[in-house]
Amino acid sequence: MLLLTLLLLPLVGAVLIAAWPGLGRMCAVRLAITWAIVPVAVVAAIGLQGGASWSLPWMPDANIHLAFKADGTSWLFLLLTSLITLFSLAVSGKSDIGDRAYCALILVMESMLFGVFTATHFVPWFLCWEMTLIPAYLLIRLWGGKGAPRAALRFFIVTLAGGVCMLLGFLALQLSVGTMDFAELSRLAANHELAAGLAKSFSSTGLDGYSLLTVVAVAVFLGVAVKIPVVPFHAWLPDAYAEAPTPITILLTGLLSKMGVYGLLRVFLPIFPEVLPGLAPCLTALAVATVLLGAVAALAQRDLKRILAYSSVNHLGYCVLAVAAVAAAHTDRAAMASAVSGVVLQAFNHGVIASALFFGIGILETRSGGQRGLNDLGGLRARMPVFSGLMGLALFASLGLPALSGFVGEFLIFNGVFGLVPWSAAVSVIGLLLTAVFLLRMIRKVFHGPLLPAMEKWTDLTVGERWLFAPAIALIVIPGLWPQVLLHFINGDTLRLLDLLHPIP
């Protein structure tokens, strides 16, 4: 019942806050923060008991059921969701935005994210996947900047189109093999029965089973690619991140982009091993393009939020690179295990690091009255030493400095990719160098040099802001020094995934 409790808790809180008449803004935010603490405790309890599951027959005649399960990998994504949601609400309490509707929408999004990271059947998974669109769209549209309506609409249309592609792909699987259960589809795929089922059901198309399964795999990939996002499906991201208020940007970068990474690991890889080798070259090319073009675009920006937005594209491109390398059907299990483990760590650590960085940019916006350009700031190290030190730590973690969390995931990814597809790893190293350039440029222009006159009366972090930074910094430092604190949750899941892709004779 722990898992069912986790899924329903945020929804109950959302209904309570939305239906409470006369609840003021600060009271609503404080109630939402208090309520969001409970899922953190429930997630911790699930981790202590080694996982949880819950299922309920829904449409038995169609072999459709509501099924949810939390294992080691999904537990890390649940932990990230509960922590980032709590962090976003706490940041909202320090700003001037938020009311009953705002807090309720954030809690609804949290509940849907819990569903995405635990559902084991496509129908509940897809319902939760698509339902995240509604609160995200409204949060950007209603509380964003001047360009928020256009940015929210683009975000909604692009991601909805990806979801439609994915839905069509799974409907084809349902018609051909009679199930959309992820575990059953993975078993059929391991026995090479999916392609045969598609060929029999869609024989009128004139295509063989392999070609049909490739089309379905591409449709599913499009659905997850727009969430990550993979180049060229990233056009919605910079505007959405820049126009959304800081707490919502934290949710977008910390959680919504991780839905795509999770989909690659839990849906795309296990269900389509038959056609992955044929798709691997295209996936690799898209991943390398995402890494390089994300870094080049970040280098060309002058708006701090847009720099970090494109930096997110670049960093999540490494996850796609690792998945593409694993898809290439090599037999080096050690390299594949390193790549898969690196994907999970990169997703978790990027969520924490990017959230801390966007929180820092939000503090700068508050102090400057909305300015966040590279040329609008300078010399902050002399006026705000604590803030500069904490931001510097987060920026160096994003850069991949050893002993910080950002290094671990990238190291495991490159360790695996170099053993599987060496040329892609070698080219993608250029992305690491470009990342160093634009992040070090940000540090130099914002924190060093002469203090601008407009900033002479700025104050350093308040006690409340320091308390908000503290857990994020702890989650940056501890996994960097002791990565096993996260790795031991996912090692068994990694081996099971590799057994599905390449069974040991």
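The paragraphs below set out a description of the structure included in this document.

How each quantity is defined
- Residues numbered from 1 in each chain as written.
- Predicted model: local features only at pLDDT ≥ 70, side-chain atom pairs only at ≥ 80, totals over all residues.
- Heavy atoms only, no water.
- Helix = DSSP H or I, 4+ residues; strand = E, 2+ residues; numbered from the N terminus.
- Rg over C-alpha atoms; globule rule 2.2 N^0.38 Å.
- Buried < 20%, exposed > 50% of the residue type's maximum accessible area, 1.4 Å probe, protein only.
- Contact = heavy atoms within 4.5 Å.
- Areas by Shrake-Rupley, 256 points an atom, 1.4 Å probe, with all protein chains shown as cover.
- Polar contact = N/O pair within 3.5 Å; in protein donor to acceptor, adjacent residues only side chain to side chain.
- Core = buried A, V, L, I, M, F, W, Y, C linked by side-chain atoms within 4.5 Å.
- Pairing = 2+ DSSP bridges.
- Phe/Tyr/Trp six-rings, centres within 6.5 Å; stacked < 30°, edge-to-face > 60°.
- Lys NZ or Arg CZ within 6 Å of the ring centre and 35° of its normal.
- Patch = residues over 30% accessible without salt bridge, like charges linked within 9 Å, V, L, I, M, F, W, Y side chains within 5 Å.
- Salt bridge = Lys/Arg side-chain N within 4 Å of Asp/Glu carboxyl O.
- Arc of directions from axis to C-beta.

With respect to the overall build of the chain
Here is step 1: Helix and strand counts for the chain stand at 21 helices and two strands.
Here is step 2: A compact globule built from 505 residues should have a C-alpha radius of gyration of about 23 Å, and the chain, at 22 Å, falls within 12% of that.
Here is step 3: Evaluated residue by residue, the chain yields a buried proportion of 60% over its 505 residues.
Here is step 4: In the chain, once contacts between residues fewer than 6 apart in sequence are set aside, the share between residues at least 24 apart is 81%.
Here is step 5: Counting every atom, the chain has about 18,400 Å² of accessible surface; 69% of that belongs to carbon and sulfur.

Observations concerning the side chain of Asn 314
Here is step 1: With respect to the helices and strands, Asn 314 occurs in helix H14 (residues 304–327).
Here is step 2: Among the polar contacts listed, one links the side chain of Asn 314 to the backbone oxygen of Val 291, at a separation of 2.7 Å.
Here is step 3: Discounting chain neighbours no more than four positions away, the residues touching Asn 314 are Thr 290, Val 291, Gly 294, Ala 295, Gly 431 and Thr 435.

Remarks on the nonpolar core
Here is step 1: One finds Trp 125, Phe 170, Leu 173 and Phe 272 to be the most contacted residues of the largest nonpolar core, which totals 191 residues.
Here is step 2: The element that contributes the greatest number of residues to this core is helix H15 (residues 333–368), accounting for 19 residues.
Here is step 3: In contact with Trp 125, not counting residues within four places along its chain, are Val 116, Ala 119, Met 166, Phe 182, Tyr 262, Gly 263 and Val 267.

Structural notes on the pairing of strand S2 (residues 64–70)
Here is step 1: Of all seven residues in S2, five are buried, a share of seventy percent or more.
Here is step 2: Bridge count between strand S1 (residues 52–59) and S2: seven bridges; the pairing is antiparallel. What sits directly across from Ser 55, in S2, is Ala 67.
Here is step 3: The hairpin formed by S1 and S2 contains four residues between the paired strands, and Asn 63 there has a positive phi angle of roughly 60°.

Observations concerning the packing of aromatic side chains
Here is step 1: Applying the stated criterion to the full structure yields 25 aromatic pairs.
Here is step 2: Ring centres 4.8 Å apart and planes at 40° place the aromatic pair Trp 125 and Trp 129 in the tilted group. With Trp 125 and Trp 129 both in helix H5 (residues 122–131), this residue pair falls four residues apart, about one helical turn.
Here is step 3: Given the relative accessible area of 0%, Trp 125 is considered buried.
Here is step 4: Owing to a relative accessible area of 0%, Trp 129 belongs among the buried residues under this scheme.
Here is step 5: In this structure an aromatic cluster arises from ring pairing among Phe 122, Trp 125, Phe 126, Trp 129, Phe 170 and Phe 182.
Here is step 6: Lys 227 extends its terminal NZ or CZ atom over the ring of Trp 129, reaching a point 5.6 Å from the ring centre.

As for unusual backbone geometry
Here is step 1: The peptide bond linking Ile 228 to Pro 229 adopts the cis configuration, its omega dihedral lying at -10°.
Here is step 2: Tracing the chain through its elements places Pro 229 in the loop between helix H10 (209–225) and helix H11 (236–243).
Here is step 3: A cis amide bond links Val 231 with the next residue in sequence, Pro 232, at an omega value of 10°.
Here is step 4: You can see Pro 232 is positioned in the loop between H10 and H11.
Here is step 5: Positive phi, normally seen in glycine, also occurs at His 192, with a value near 60°.
Here is step 6: The topology assignment puts His 192 in the loop between helix H8 (182–190) and helix H9 (194–201).
Here is step 7: Taking the relative accessible area as the measure of exposure, His 192 reaches 55% and is therefore exposed.
Here is step 8: Although it is not a glycine, Ala 403 sits at a positive phi angle of roughly 80°.
Here is step 9: For Ala 403, a relative accessible area of 38% corresponds to the partly exposed category.

Points about a nonpolar patch on the surface
Here is step 1: A cluster of nonpolar residues, Leu 160, Val 164, Leu 168 and Leu 171, forms a patch on the protein surface that exposes about 330 Å² of accessible area.
Here is step 2: Looking at the secondary structure, you find Val 164 in helix H7 (residues 148–177).
Here is step 3: Of the residues examined, Val 164 reaches a relative accessible area of 42% and is grouped as partly exposed.

Describing H8
Here is step 1: Taken together, the buried positions of H8 are Phe 182, Leu 185, Ser 186, Leu 188 and Ala 189. Seen end-on, H8 carries its buried residues on one side only, within an arc spanning 165°.
Here is step 2: Buried residues belonging to H8 abut H5, H7, H9, helix H12 (246–271) and helix H21 (484–501).
Here is step 3: Its side-chain oxygen 3.1 Å from the backbone nitrogen of Ala 183, Asp 181 forms the N-cap of H8.

Comments concerning the pattern of salt bridges
Here is step 1: The full count for this structure, using the stated rule, is eight salt bridges.
Here is step 2: Measuring nitrogen to oxygen at the nearest pair gives 3.7 Å for the salt bridge that ties Asp 239 to Arg 150. Of this pair, Asp 239 sits in helix H11 while Arg 150 sits in helix H7, and the two are 89 residues apart along the sequence.
Here is step 3: Relative accessible area serves as the criterion here: at 15%, Asp 239 is assigned to the buried category.
Here is step 4: Residue Arg 367 pairs with Glu 465 through a salt bridge whose shortest N-O separation is 2.9 Å. On the criterion of sequence distance, the pair formed by Arg 367 in helix H15 and Glu 465 in helix H20 (residues 463–481) is long-range, its members being 98 residues apart. Pair check on accessibility: Arg 367 and Glu 465 agree, each one buried.
Here is step 5: Linked through salt bridges whose partners overlap, the residues forming this network are Arg 150, Arg 154, Asp 239 and Arg 306.

Notes on the environment of Arg 372
Here is step 1: Residue placement: Arg 372 occurs in the loop between H15 and helix H16 (380–383).
Here is step 2: Classification of Arg 372 by relative accessible area gives buried; the value is 14%.
Here is step 3: In sequence terms Arg 372 and His 488 are 116 residues apart; their C-alpha atoms lie 40 Å from each other.
Here is step 4: Once residues lying within four places of it in the same chain are set aside, the contact partners of Arg 372 are Ala 242, Arg 302, Asp 303, Leu 304, Lys 305, Ile 361 and Glu 365.

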